[in-house]
Amino acid sequence: MVLDGLGSGLKNTFKRIAGLGVVDKEAVEMVIRDLQRVLLQSDVDVKLVFELSSRIKEKILKEKPPTGLTLKEYFIRILYDELVSFLGEEPGTFSLKPQKILLIGLFASGKTTHAGKLAKWFKTRGMGPALIGCDVHRPAARDQLRQIAAKIDVPVYADEKTAEATAKKALKESKEEVMIFDSAGRDALDAELAKELKNLGEIIKPDEVLLVIPADIGQAARKQAEEFNKLVGITGIIISKMDGTAKAGGALAAASASGAKVKFIGVGEKSSDLEQYDPKRFISKLIGYGDIQGLIDKAKSAGFDEKAAKKIMEGKFTLNEFYEQLKSMQGMGSLSKMMDMIPGLSGSGMMKKMPAGFMDVQEEKMKKWKYIIDSMTEPEKEDPDIIKNTRIARIAKGSGTSESDIKELIKNFKQVKKVMKMAGGGKGLKRGPLARMMKQFGMGGGM
Ligand SMILES: Nc1nc2c(ncn2[C@@H]2O[C@H](COP(=O)(O)OP(=O)(O)OP(=O)(O)O)[C@@H](O)[C@H]2O)c(=O)[nH]1
Ligand SMILES: [Mg+2]
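Residues numbered from 1 in each chain as written. Chains lettered and ligands numbered in written order. Predicted model: local features only at pLDDT ≥ 70, side-chain atom pairs only at ≥ 80, totals over all residues. Heavy atoms only, no water.

### With respect to the environment of Ala225
Within the element layout of this structure, Ala225 appears in helix 9 (residues 221-232). For Ala225, a relative accessible area of 1% translates into the label buried. Those residues within four positions of Ala225 in sequence are excluded, and the remaining contacts are Leu211, Ile213, Ile234, Ile237 and Ser258. (Helix = DSSP H or I, 4+ residues; strand = E, 2+ residues; numbered from the N terminus. Buried < 20%, exposed > 50% of the residue type's maximum accessible area, 1.4 Å probe, protein only. Contact = heavy atoms within 4.5 Å.)

The structure is reproduced here in structure tokens:
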């Protein structure tokens, strides 16, 4: 992905902060210059870059870090927060309800392709979409739409002579829940296109008017978004071709500055190359700090127990909690995937210290461990050190497992405990890389 340029640039900026000896005016200015260079290379508008830098400078030099955060940590937090709001603040929500969507945009921006991507998006979420071909100006346009529709197996309406008649017919005949209207492109937003779009708007009464803007136009995205919005009114933006340009940062920042929300980003030519846009997630991914937001979401949906997680991370936990935690982590995907999402653990060499094979504990083993733990007395669960020969024999018998199974479980338990203690820097959640990560991403305090 060509966003790599922006990603590695920002990553270096964060690394720079992490490597600072002191956070004084000079150091801040050096980091800011670095950031400016990265953003300008990604074609972000100079004025926007300037505004962003002075906001960051103001905060880090004049505000006191919240308790528990060092100045350096606070700097990282500020940069992260500001970048997120710079690229859009909130995720562009999109609901799964019956609706009519009109796609508009200039020539070759990706309207027809994204009509197909959206249809697929709804279809994979259990809704019935239809595609309506309102581009009657370019003869091949409807064939293109038909081909796309055939591939993802959704109905097409594209037979009437004019865009208006096509829309009317589809509205009358279609029984699908989500109607996606493709429209004609132009070189520029001229009077003729504006009129046709206005007509379509009045006939369709769309719930969403999505402007498709290719990322490779960079900062020009802002002007385009503002012009289209003034003329026909848009409810959101799709930025297409994010996969193929170094200007993506410019396009995203510009689109966000236009006041319209970016709802989707297109990341390829295939009908599945569509992502819902969430600035937080996007930045986290870009800088490689782990998909923190994703971690939180997943943790929630898996019934993640924060108290238990805290104990685990502090290296204080019993076999009971160990087992519960393993179970909930399995719900979140593999433990190693989750660990990967935690900066300070991934790439720290810490992962290598985990017991071999532990990271993908299979269902089978989990069951065995459950039986073993169930056969233990409370004092044994609290302090496995007391589990010696006769106890091992008793537990093996009671749980229908072998003595080596029990030794293996205890060995794993101890080793994980040790690693977690190290990851916590011996100081548990208050300091250490895990604590820092949590604070940086707003997970401190509550946990
Ligand atoms: N790499 C990449 N290519 C894309 C993406 N979206 C669209 N394209 C390509 O861009 C070209 C134009 O896409 P279309 O969907 O035909 O654009 P359009 O806006 O309908 O064009 P007109 O109808 O002629 O105005 C096609 O070759 C697409 O395959 C994307 O997200 N990534
Ligand atoms: Mg088209």
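### So, the packing of aromatic side chains
A full pass over the atoms with the stated rule returns six aromatic pairs. Pairing Phe94 with Trp121 gives two aromatic rings, centres 6.1 Å apart and planes at 85°, and the pair type is edge-to-face. Note that Phe94 is positioned in the loop between helix 4 (71-86) and strand 1 (99-104) and Trp121 in helix 5 (residues 111-124), a separation of 27 residues in sequence. As far as burial versus exposure is concerned, Phe94 and Trp121 are alike and both buried. Pairing Tyr277 with Phe282 gives two aromatic rings, centres 5.6 Å apart and planes at 65°, and the pair type is edge-to-face. One exposure class covers both Tyr277 and Phe282, and it is buried. Here the aromatic residues Phe94, Trp121, Phe122 and Phe264 are joined through ring pairs into a cluster of three or more. (Phe/Tyr/Trp six-rings, centres within 6.5 Å; stacked < 30°, edge-to-face > 60°.)

### Re the pattern of salt bridges
Tallying each qualifying case throughout the model produces 24 salt bridges. Notably, a salt bridge pairs Asp143 with Arg146, separated by 3.1 Å at the nearest N-O pair. Here Arg146 and Asp143 lie together in helix 6 (residues 139-152), a separation of three residues that amounts to about one turn. The exposure class assigned to Asp143 is partly exposed, which follows from its relative accessible area of 42%. Given the relative accessible area of 33%, Arg146 is considered partly exposed. The network of salt bridges with common partners includes Arg16, Asp34 and Arg37. (Salt bridge = Lys/Arg side-chain N within 4 Å of Asp/Glu carboxyl O.)

### With respect to the site of ligand 1
Around ligand 1, the structure places 21 residues, and the nearest of them are Lys111, Thr112, Thr113, Asp243 and Glu269. A distance of 2.9 Å separates an oxygen atom of ligand 1 from a polar atom in the backbone of Gly110. Here an oxygen atom of ligand 1 sits 2.7 Å away from a polar atom, N or O, in the side chain of Thr112. Summarising the interface, the protein chains cover 82% of the accessible area of ligand 1, which totals 650 Å² for the free molecule. Among the elements that take part in the shell around ligand 1, helix 5 stands out by supplying five residues, more than any other. Residue classes in the shell around ligand 1 are distributed as four nonpolar, ten polar and seven charged. (Near = heavy atom within 4 Å. Polar contact = N/O pair within 3.5 Å; in protein donor to acceptor, adjacent residues only side chain to side chain. Areas by Shrake-Rupley, 256 points an atom, 1.4 Å probe, with all protein chains shown as cover. Nonpolar A, V, L, I, M, F, W, Y, C, P; charged D, E, K, R; others polar.)

### Describing the nonpolar core
Counting 73 residues, the largest nonpolar core has Phe75, Ile237, Ile239 and Met242 as its most contacted members. Top element by residues in this core is helix 4. It accounts for nine residues. When we break this core down by domain, the ones giving at least three residues each are domain 1 (4-86) and domain 2 (99-287). When near neighbours in sequence (up to four residues on either side) are disregarded, Phe75 contacts Ile17, Leu20, Val23, Val28, Val31, Ile56 and Ile60. One finds Trp121, Phe122, Leu210 and Leu274 within the second-largest nonpolar core, a separate group that totals 21 residues. (Core = buried A, V, L, I, M, F, W, Y, C linked by side-chain atoms within 4.5 Å. Domains from an automatic or database assignment.)

### Some words on the packing of helix 2 (residues 25-41) against helix 3 (residues 46-62)
Close contact between helix 2 and helix 3 brings their axes to 10 Å; oriented N to C, the two are set at 155°. When the axis of helix 2 is compared with that of helix 3, the two are roughly antiparallel. Considering the relative orientation of helix 2 and helix 3, their crossing is right-handed. Between helix 2 and helix 3, the residues in contact are Lys25, Val28, Glu29, Ile32, Leu35, Gln36, Leu39 and Leu40 and Val46, Val49, Leu52, Ser53, Ile56, Lys57, Ile60 and Leu61, respectively. For the contact of helix 2 with helix 3, a count of residues per class yields eleven nonpolar, two polar and three charged. (Axes fitted to C-alpha atoms, helices over the stretch in contact; angles between N-to-C directions. Parallel < 35°, antiparallel > 145°, perpendicular 65-115°, else oblique. Left-handed = near helix turned anticlockwise from the far one by under 90°.)

### Some words on the sheet that holds strand 4 (residues 178-183)
In space, the eight strands of this open sheet follow the order 3-2-4-1-5-6-7-8, with mixed pairing throughout. Looking along the sheet, the strands with just one partner apiece sit at the ends: strand 3 (156-157) and strand 8 (274-276). Of the strands in this sheet, strand 2 (129-134), strand 3 and strand 4 are in contact with helix 6, which crosses strand 2 at around 170°. Each of strand 1, strand 2, strand 3 and strand 4 touches helix 7 (residues 163-173); the most contacted strand, strand 2, lies at about 160° to it. (Pairing = 2+ DSSP bridges.)

### Quick word on the environment of Ile148
As for its placement among the helices and strands, Ile148 is situated in helix 6. In this structure Ile148 comes out as buried when scored by relative accessible area, which is 18%. Here the alpha-carbon distance between Ile148 and Gly116, two residues 32 residues apart in the chain, equals 6.0 Å. For Ile148, the residues in contact, after removing those within four places along its chain, are Thr112, Thr113 and Gly116.

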